[in-house]
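Structure assessment
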Amino acid sequence: MKLSKSPEKHVSTATRLATAGRRKEWTGPVVNPPVWRASTHLYANMAELAEAPKRNEDGRFFYGRRGAPTQWALAEALTEIEPGAAGTMLYPSGVAAIAGALLAVLRPGDVLLMTDNAYDPSRAMGKGLLKDFGIETRFFDPLDIAGFEAAICERSRAVLLEAPGSLTMEMQDVPALARIARARGMVSIVDNTWASPLGFPALEHGADISVMSLTKHVGGHSDLMMGSASAGAELYARLRKTAQALGQVVSPDDAALALRGLRTLGLRLEKQTRNALEVATWLAERPEVARVLCPMLPGSPGHDIWARDFTGGCGLFSFILKGGDAARRNRFIDALDLFGIGYSWGGFESLVTPVDPASMRDATPWPPAGLDPADRFGVRLFIGLEDPADLIADIARALVAMDAP
Ligand SMILES: Cc1ncc(COP(=O)(O)O)c(C=O)c1O
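Below you will find a few notes about this structure. (Residues numbered from 1 in each chain as written. Predicted model: local features only at pLDDT ≥ 70, side-chain atom pairs only at ≥ 80, totals over all residues. Heavy atoms only, no water.)

Describing the site of the ligand
Lining the immediate surroundings of the ligand are 15 residues, of which G94, D191, S213, T215 and K216 lie closest. At 2.8 Å from an oxygen atom of the ligand is found a main-chain nitrogen or oxygen belonging to G94. Interatomic distance of 2.9 Å between a backbone N/O atom of V95 and an oxygen atom of the ligand. Surface burial for the ligand is 91%, taken as the share of its 390 Å² of free accessible area covered by protein chains. It is helix α5 (residues 94–105) that contributes the most residues to the shell around the ligand, three residues altogether. Split into classes, the residues belonging to the shell around the ligand amount to six nonpolar, six polar and three charged. (Near = heavy atom within 4 Å. Polar contact = N/O pair within 3.5 Å; in protein donor to acceptor, adjacent residues only side chain to side chain. Areas by Shrake-Rupley, 256 points an atom, 1.4 Å probe, with all protein chains shown as cover. Helix = DSSP H or I, 4+ residues; strand = E, 2+ residues; numbered from the N terminus. Nonpolar A, V, L, I, M, F, W, Y, C, P; charged D, E, K, R; others polar.)

This is the structure:
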């Protein structure tokens, strides 16, 4: 939704997390906008009904598919924390948001450039749905800026970036890539789920559309699915048109939960970043670990770009075990007590998944040059709000258990 900004324009993002989206006309006399459960919106008379389809601006009652104050408040709040955004569309999942952004800017015959370390369902979308619609996807090395520029052709219309990339955590130079894309008339879309605009205001760094899986940090409690795409005025209008055509809408209950999560987003990200750094620092010293893939950690790949462009991080990073096989890695994961085995991340609790990206690469091999081919079994950790000392003790125990006879 795009609505004129609330009066607290001058305040910091931290303050905005507390105030954003709380318009009096949506909250009434209480703190949070109530859950407006509504499909039908009622009209006073025939004249009003006849007028309604002619008006399609944000924040206007029409029919449930266009949302009501609970969803409008969330969309406005997300716009307020994304500097440079004129509006935000909400989607029923992060993948739906990525699809919504891509379908808003691509047409049959176009070429999409996609970073090779994009979230696997994004990659699958390029190879499946988009291909079926006559859109070609070409993957490029996330770290090769010259290679990206060379891959641009006359039909290239958009690029999908992700920093750091899924699983392997390579850090892209978003400002450089977005600058090249813009100069060549392409739209740059960043999957900004990892840092959120708190750690990386993507539009301010030159991107055109900033996408997030709200399922992760914004929801923050592992109990909802949602996505968002924020952009400046022209692209926001295209996102909105496409989302409306596709019938995208989120439930008011989930929007209220996401708003609740948003209020503590800064606190959780800060704490999880500190916890993750503690665990990553400890892992980097362990003899069982070949490499820690955590751009926030000094000495880890991509740290220079992270330190230059980002003001924050989160609890998600990966590491590669030295030698061994998949069964050994799996014994490690099974031996962990405090880490749930499961997809997703961004909640209050720690999680673990295996990292086997070899089959998810087109432009770049895995393991990459510089890593011993024997060191290829990876683990992704999401570090939650637990005491990091307990998490480290749990990992230490599991590393021993992994090699126990
Ligand atoms: C980087 C990234 N982007 C997008 C998504 C998709 O989000 P959702 O699960 O809400 O569809 C995920 C989910 O794991 C993700 O890790």
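Additional details are given in the paragraphs that follow.
Here we look at the sheet that holds strand β5 (residues 187–191)
If you walk across this open sheet you meet the seven strands as β1-β7-β6-β5-β4-β2-β3, and the pairing is mixed. Two strands close off the open sheet at either side, each with one partner strand: β1 (87–91) and β3 (136–140). Between one strand axis and the next, the sheet turns through 20° on average, direction left out of account. Each of β1, β2 (111–115), β4 (156–162), β5, β6 (209–213) and β7 (227–231) is contacted by α5, which is oriented at about 160° to β6, the strand it contacts most. (Pairing = 2+ DSSP bridges. Axes fitted to C-alpha atoms, helices over the stretch in contact; angles between N-to-C directions. Contact = heavy atoms within 4.5 Å.)

Comments concerning the packing of aromatic side chains
Counting across every chain of the model gives seven aromatic pairs. When the centroid spacing of 6.3 Å and the interplanar angle of 55° are considered together, the rings of W26 and W72 count as tilted. You can see W26 sitting in helix α2 (residues 24–27) and its partner W72 sitting in helix α4 (residues 69–80), a full 46 residues away along the chain. Assigned by exposure class, W26 and W72 land together as buried. (Phe/Tyr/Trp six-rings, centres within 6.5 Å; stacked < 30°, edge-to-face > 60°. Buried < 20%, exposed > 50% of the residue type's maximum accessible area, 1.4 Å probe, protein only.)

Overview of the pattern of salt bridges
Applying the stated criterion across every chain yields a total of 25 salt bridges. Salt-bridge contacts for D362 lead to K127; the nearest nitrogen and oxygen are separated by 2.9 Å. Here K127 lies in helix α6 (residues 120–127) and D362 lies in the loop between β11 (351–355) and β12 (378–382), a separation of 235 residues in the sequence. Assessed through its relative accessible area of 44%, D362 is described here as partly exposed. Of the residues examined, K127 reaches a relative accessible area of 42% and is grouped as partly exposed. Two residues, R361 and E170, come together in a salt bridge whose shortest N-O distance is 2.8 Å. One end of the pair, R361, is in the loop between β11 and β12; the other, E170, is in the loop between β4 and α9 (174–183), with 191 residues separating them in the sequence. (Salt bridge = Lys/Arg side-chain N within 4 Å of Asp/Glu carboxyl O.)

Structural notes on the pairing of β12
Counting buried residues in β12 gives five out of five residues, a clear majority hidden from the surface. Residue alternation in β12 divides its side chains into two sets, G378, R380 and F382 and V379 and L381, and both sets are buried. As defined by bridge partners, β11 adjoins β12 across five bridges and the pair is classed as antiparallel. In the sheet register, L351 faces β12, and the bridge partner there is F382.

Focus: the side chain of D116
Along the polypeptide, D116 turns up in the loop between β2 and α6. On the accessibility criterion, D116 (0% relative accessible area) is buried.

Description of α9
Buried residues dominate α9, accounting for seven of its 10 residues. What α9 keeps buried is the set V174, P175, A176, L177, A178, I180 and A181. The secondary structure elements touched by the buried residues of α9 are α8 (145–151), β4, β5 and α14 (303–309). Backbone nitrogen of A176 and a side-chain oxygen of the N-cap are separated by 3.2 Å at the start of α9; the cap is D173.

Overview of helix α13 (residues 265–284)
Taking 1.5 Å per residue as the helical rise, α13 with its 20 residues ought to reach 28 Å, and the 28 Å between its terminal C-alpha atoms agrees with that figure. Buried residues of α13: L265, G266, R268, L269, Q272, T273, N275, A276, V279, A280 and L283, and no others. (Expected span 1.5 Å × (residues − 1).)

Considerations on the packing of α4 against helix α12 (residues 252–263)
Two elements in contact, α4 and α12, have axes whose closest approach is 8 Å; the angle formed by their N-to-C orientations is 35°. You can see that α4 and α12 cross each other, and the crossing is left-handed. Side by side, α4 and α12 meet where T70, Q71, A73, L74, A77 and L78 of the first sit next to P252, A255, A256, A258, L259 and L262 of the second. (Left-handed = near helix turned anticlockwise from the far one by under 90°.)

Focus on the pairing of β2
Extensive coverage of β2 is indicated by the burial of five of its five residues. Judged by which residues are buried, β2 turns out to be covered on both faces: V111, L113 and T115 on one side and L112 and M114 on the other are all buried. The pairing of β2 with β3 spans five bridges and is classified as parallel. Across the sheet, the residue bridging to M114 is F139, located in β3. Note: β2 against β4, four bridges, orientation parallel. Along β4, the bridge assignment pairs L112 with A158.

Thoughts on the sheet that holds strand β8 (residues 289–293)
The five strands are arranged β8-β9-β12-β11-β10 in an open sheet whose pairing can be described as mixed. With one partner strand each, in any of the chains shown, β8 and β10 (340–341) form the two edges of the open sheet. Note that β8 and strand β9 (residues 316–321) share four bridges and pair antiparallel. The residue of β9 that forms the bridge with V289 is L321. On top of the sheet, helix α15 (residues 326–335) reaches β9, β10, β11 and β12; it is set at about 175° to β11, its chief contact.

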